[in-house]
Amino acid sequence: MFSALNNHRKILIAGAAVVAAGLVIIFLLMYFQSSKKKEYESSLSRNWNFIEEKAKGFVDVLSTVKTVDDFTNLNSAARGMRDSIKDLREEEKSRSAPVGTGDLREKELAALDSIGKYLDLVAETADKSKVELFKEERHLIESRARKADADLNELLETADFLNVTISADFFNATGKMGDAINYRGEDADEHSAQALEALKTFMNADIKEINTEILWDMASSKRKAAIELLGGSRESMDGYRAAQWGTKVPADYFIDESSVNILSPGAAAVSVIVYVKDGSPMNAQVKLVLEPDGWKLDVYPFLGWVE
C-alpha cells in the first residue's frame, strides 16, 4: 500500500515537472516571438522614418518646380527615392515575417510597391522633352498617387506604432508639373499684349500696306542675318517679298488672339490665317522673339521664314 502511494506520488511529481517544463518552453517561445515582433516593428519604424525623410526632400524639390527647366531636379529626386523604396521592398521580401505580423507585412509591401510605382512614372515624365507624354500619362500618375496614399494610410492604420507623416503635397506631383508646363513667365500678360501688337503691325505691313521697310525693321536679328547670307538686304525687300508670295495675292488676315503662347519669357507663338485671292486660306504658327528694341518676327512661313 505504501509502495503504491509512493509510486503515485512520483508520477504526480514527474507530471508536474513535465507541465512546468512545458510552461517554461511556452514562456520562452512567447518571449522569443514577442522579441522578434518588437525587433520587426523597430525595423519597420526605422525604414518608414527614412522614407518620411526622403518624402520631405521630394516635397522640398517639388516646391521649387516653377518651369519645365526645373524638371531635371525633380527627375533626380523621384529616381533617388524610387530606388531607395525598391531596395527596401526587396529587403523586406527576402526576410520572413514573425508570427502574427503577416498581414502587417503584406500591407507594408503593398505601400512600398505603390509608392515606388508612383515615383517611377513621375521620374519617367519629369523631362522637359516629354511634355506630351506627361499630358498623356497625367491621369495614370494621379491614379497611382491615390493608390499610394490609400495603401500608406492602410498601413498606418494597422501599424499604430509607426509615427510617420507624409505630406499630401508628396502625392501632388502632377499639380506642380502641370503648373510648370503651363507657366508663361513673369509678366506673361504684358508680354502677350506686346507680342500681339508687334504681330499686328507686321501683318498689316505685309498684307495691307505692303511696307517692306517695316518688314525689315521688325525681322529678328537672326532672320536678317539669314536674308543677308542669301544676298538680300533692306533695299531688296520689295523683290524678296514679291518672290516669296509668288502668284498668291494676300487679301486679308486673321490673328487668333486667344492662341498667344509665351513659350519662354522671350519667345511667343501665335496662330495666324492669311486669306488669298482665288485660293484657300493659309494657316501657320508665327513666332516672335523679344530683342532689346522690342518684339521681332522670327518665324513667318508666309515669307519663307521657317525654323
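Up top is the structure.
Each chain has its residues counted from 1, following the order in which its sequence is written. Two thresholds apply to this predicted model, a pLDDT of at least 70 for residue-level local features and 80 or more for giving and counting side-chain atom pairs, whereas whole-chain, interface and lining totals are computed over all residues. Water and hydrogen atoms play no part in the side-chain values, which are based on all heavy atoms of the structure.

Visitor: In this structure, what is going on with the packing of helix α4 (residues 131-158) against helix α5 (residues 173-182)? I would like to understand it.
Guide: Think of two packed helices as two axes; the pair is described by the angle between the axes and how far apart they sit. For helices, the fitted axis covers only the stretch in contact; all axes are lines through C-alpha atoms, and the angles between them, taken along N-to-C directions, range from 0 to 180 degrees. In this text, helices come from DSSP runs of H or I with a minimum length of four residues, and strands from runs of E with a minimum of two, each type numbered from the N-terminal end. Interhelical geometry of α4 versus α5 gives an angle of 155 degrees and a closest axis separation of 11 Å. Judged by the angle between their axes, α4 and α5 are roughly antiparallel. The handedness of the crossing between α4 and α5 is left-handed. Taken together, the residues of α5 that come into contact with α4 (itself represented by Val131, Phe134, Lys135, Arg138, Ile141 and Glu142) are Thr174, Gly175, Met177, Gly178 and Ile181. Amino acids are sorted into nonpolar (Ala, Val, Leu, Ile, Met, Phe, Trp, Tyr, Cys and Pro), charged (Asp, Glu, Lys and Arg) and polar (every other residue, Gly among them). When the residues that make up the contact of α4 with α5 are grouped by side-chain class, the tally is five nonpolar, three polar and three charged. Note on terminology: angles under 35 degrees are roughly parallel, angles over 145 are roughly antiparallel, angles of 65 to 115 are roughly perpendicular, and the others are oblique. The crossing is said to be left-handed when, going from far helix to near helix, the turn is anticlockwise and less than a right angle, and right-handed when the turn is clockwise. Residue contacts follow a heavy-atom distance rule, with two residues in contact if any of their heavy atoms lie within 4.5 Å.

Visitor: Looking at this structure, how should I read the packing of aromatic side chains?
Guide: The relative placement of two aromatic rings is captured by the distance of their centres and the angle of their planes. Centres within 6.5 Å make a pair out of two Phe, Tyr or Trp rings, where for Trp the six-membered ring is used; the pair is then stacked when the planes are under 30 degrees apart, edge-to-face when over 60, and tilted otherwise. Tallying each qualifying case throughout the model produces nine aromatic pairs. Look at tryptophan 245 and phenylalanine 302: their rings are 6.1 Å apart centre to centre, the planes differ by 5 degrees, and that puts the pair in the stacked class. Here tryptophan 245, found in helix α9 (residues 237-245), pairs with phenylalanine 302, found in the segment after β5 (294-299); they are 57 residues apart in sequence, far enough to count as distant. Phenylalanine 302 gets classed as buried once you look at its relative accessible area, which sits at 5%. Burial classes: relative accessible area under 20% of the type maximum marks a residue as buried, over 50% as exposed, and values in between as partly exposed (1.4 Å probe, protein chains only).

Visitor: Explanation requested: the environment of isoleucine 85 in the structure shown.
Guide: Among the secondary structure elements, isoleucine 85 is positioned in helix α2 (residues 71-94). As a C-alpha pair, isoleucine 85 and glycine 116 span 31 residues in sequence and 6.0 Å in three-dimensional space. Among residues more than four places away in sequence, those in contact with isoleucine 85 are Ile51, Leu112, Ile115, Gly116 and Leu119.

Visitor: Help me understand the pairing of strand β2 (residues 261-264) in this model?
Guide: Side chains on a regular strand alternate between the two faces of the sheet. In terms of strand pairing, β2 meets strand β3 (residues 267-276) through three bridges, oriented antiparallel. Directly across from serine 264, in β3, lies its bridge partner alanine 267. Strands were regarded as paired on the criterion that DSSP finds at least two bridges between them. Linking β2 to β3, which pair antiparallel, is a turn of two residues.

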